[in-house]
Structure formats: C-alpha cells, structure tokens
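Letter by letter, the chains look like this.
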Amino acid sequence: MTKILALAATLAAFSVQAADKLTVAATAVPHAEILEHIKPTLAKEGVDLEVKVFTDYVQPNIQVAQKRMDANYFQHQPYLTEFNDGKGTNLVSVVGVHVEPFGAYSKKIDSLDQLEDGATVAIPNDPTNGGRALLLLQKAGLIKLKDSSKITATPRDIAENPKNLNFYELEAATLPRVLSQVDLAMINTNYALEAGLNPTKDALIIEGADSPYVNILVARPDNKDSDAMKKLADALTSDDVREFIKEKYKGAVVPAF
C-alpha cells in the first residue's frame, strides 16, 4: 500500500512538473478578468496560467520583449506597431480578442453641445490612443484634423478647432482621476471600467463595435506558435469567452471573433 501511495505521489508530482506554464501581463479590467476566467479551462489542458496585473501600457511590452513574461494582453495593433517602431522590439500579435469602444466622459456637462469656448479636454499621451481620441472628437464634429485618417494624430495636427478647445495630454491611466478637473476626458474603456464608469451609459460619445482597435494577445516570434500559446489563444476566442464578455460587460467590451 505504501508503495502504491508513493507511486501515486510521484505521478502527481510529475503531472504538475509536466504542465506548461504561461505568464501573461495584463491590465486589470477586462483583460485580467478574462484571463482569470479561462484559468480552469487551461489547467485541464495542461497549461498553468499566471496572470500579472500592470497599470501602465509600457512595462507589459518590455517584460515580454525581455523574456520576463511569456505574453501580454492589454493593447491593440496600432499601439503595438508604434511601440515596436519606437522601442526597436519585435513583438507580434497572436490573436484578436475584443474591442473596448473608446469614449468621452465628463462630470461637468451632459452632452457635447454644452462644451463652451475654451473648454479643457484631456486625452492619452501615447500616439495611438491620443490619435484615437482626436479621431473620435473629429467624428463628433468638434475638430478637424489636417489628415482625417491619421491614427497617430496629436493636437498639433488639428486644422480646425472652432470651440478653441484646450488639449492636455496625460498618461492614459490617470485620466479617470482628472475627470473632475477638466471639461472632457477621453478615456480607454479598461480604465473607465476600473474607475466605476459605465461606457454604454456614461460616455457622451463612444466608438461603435466596428472599431479597428481590437485588443490582441501578444507574444514573441520565438514562442507565438508554442502549444501552450495556441491553447491560450483558443481559450480566449472560445464560445465560452464570447458569452462571458457579453454577459459581464454588457456592451462596454465587445467580442472581436
């Protein structure tokens, strides 16, 4: 009996050791929540998923590029492309998972028509999300850009600003915290959700579900095709995750698969 128990313990230990481990960097909402949801599924498939939450948009890519983490899940392709070009990294998209419609929020006005001349507008300071904010404001008719399709536009690219809006470029994660100090803040949905905002109810204008900014699972060329990564990609684009996103986020996050 003792030998049988010892053998069982050995086999159990071997099973644990044999499990593939994946470490994934993510922002808290909704990325880490989605990853936590699929942990049990991956565990059954022999993948031990470890999720590390970050509050910024830089370190998750640095960690993966330096092989401290296996993958990350927090960004869209335009941001990744800009990051690779600027930092000399070679990170790659594995699969697209969801869209977080970008929105405009305010604690001082109830509609964009109420924006007064010289109003203050806070936007993300990274090129792709800042440009995304300006494109949304252009769509709302508040400004006009020199190049109406430039995804990395900055306030310097504004050709027409009839309300003389004053733009402040701030770290994306800080925008919910300055909401009461500005007239309008352009906030990424993950940070809006973390701050208790409801994008489908609180946003004065919001992107449609056809947004090109699909959030992606990102890895390196050397591990993007590993069996464990494929299992993670499959789990993130499963019917189970589609229903989880629809039920939990009620349109604030939209499946892109």
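Residues numbered from 1 in each chain as written. Predicted model: local features only at pLDDT ≥ 70, side-chain atom pairs only at ≥ 80, totals over all residues. Heavy atoms only, no water.

Engineer: Give me the environment of E82: which residues, what numbers.
Structural biologist: Within the fold, E82 resides in helix α4 (residues 77–87). Each C-alpha atom, one on E82 and one on P127, is 7.6 Å from the other, the two residues being 45 residues apart in sequence. (Helix = DSSP H or I, 4+ residues; strand = E, 2+ residues; numbered from the N terminus.)

Engineer: How would you summarise the sheet that holds strand β2 (residues 47–54) if you had to cite specific residues and measurements?
Structural biologist: Within the open sheet, the six strands sit side by side as β2-β1-β3-β12-β4-β13. Their pairing is mixed. Both outer strands of the open sheet, β2 and β13 (254–255), are each paired with one neighbouring strand and no more. Alignment of strand β4 (residues 92–99) against strand β12 (residues 214–219), held across six bridges, turns out to be antiparallel. Following the sheet pairing, V92 is matched in β12 by A219. Each of β1 (20–27), β2, β3 (71–76), β4 and β12 touches helix α2 (residues 28–44); the most contacted strand, β2, lies at about 170° to it. (Pairing = 2+ DSSP bridges. Contact = heavy atoms within 4.5 Å. Axes fitted to C-alpha atoms, helices over the stretch in contact; angles between N-to-C directions.)

Engineer: Please set out the pattern of salt bridges residue by residue, giving values where relevant.
Structural biologist: Under the counting rule described, the total for this entry stands at eight salt bridges. The shortest N-O distance in the salt bridge between D225 and K224 comes to 3.0 Å. Judged by relative accessible area, D225 falls into the partly exposed class, the value being 49%. For K224, a relative accessible area of 29% puts it in the partly exposed group. Two residues, R242 and D239, come together in a salt bridge whose shortest N-O distance is 2.7 Å. With a gap of three residues between them, R242 and D239 both fall in helix α9 (residues 239–249), about one helical turn apart. Note on D239: relative accessible area 56%, which makes it exposed. (Salt bridge = Lys/Arg side-chain N within 4 Å of Asp/Glu carboxyl O. Buried < 20%, exposed > 50% of the residue type's maximum accessible area, 1.4 Å probe, protein only.)

Engineer: I'd like a description of the sheet that holds strand β6 (residues 120–124), backed by residues and values.
Structural biologist: Across the sheet, five strands lie side by side as β9-β6-β10-β5-β11; this open sheet has mixed pairing. Pairing within the sheet leaves two strands with one partner each, and these edge strands are β9 (166–170) and β11 (205–206). Note that strand β5 (residues 103–105) and strand β10 (residues 184–187) share three bridges and pair antiparallel. Its bridge partner being in β10, A104 is matched across the sheet by M186. In this fold helix α5 (residues 127–139) packs onto β5, β6, β9, β10 and β11, with an angle of close to 135° to the strand it touches most, β6.

Engineer: If you had to explain the side chain of D157 to someone new, which residues and values would you point to?
Structural biologist: Along the chain, D157 turns up in the loop between β7 (144–145) and β8 (158–160). A residue is classified by how much of its surface remains accessible, and D157, at 16% relative accessible area, is buried. Residues in contact with D157, not counting those within four places in the same chain, are L145, K146, K150 and T152.

Engineer: Can you tell me about the packing of α2 against helix α8 (residues 227–236), naming the residues and giving the values?
Structural biologist: Packing of α2 against α8 brings their axes to within 10 Å, and their N-to-C directions diverge by 120°. Between α2 and α8, the angle falls in the class oblique. Seen along the crossing, α2 lies across α8 with a hand that is right-handed. Across the interface between the two elements, I34, L35, I38 and L42 from α2 touch K231, L232, A235 and L236 from α8. Taken together, the residues of the contact of α2 with α8 sort by class into seven nonpolar, no polar and one charged. (Parallel < 35°, antiparallel > 145°, perpendicular 65-115°, else oblique. Left-handed = near helix turned anticlockwise from the far one by under 90°. Nonpolar A, V, L, I, M, F, W, Y, C, P; charged D, E, K, R; others polar.)

Nothing here speaks to function; it is all geometry.
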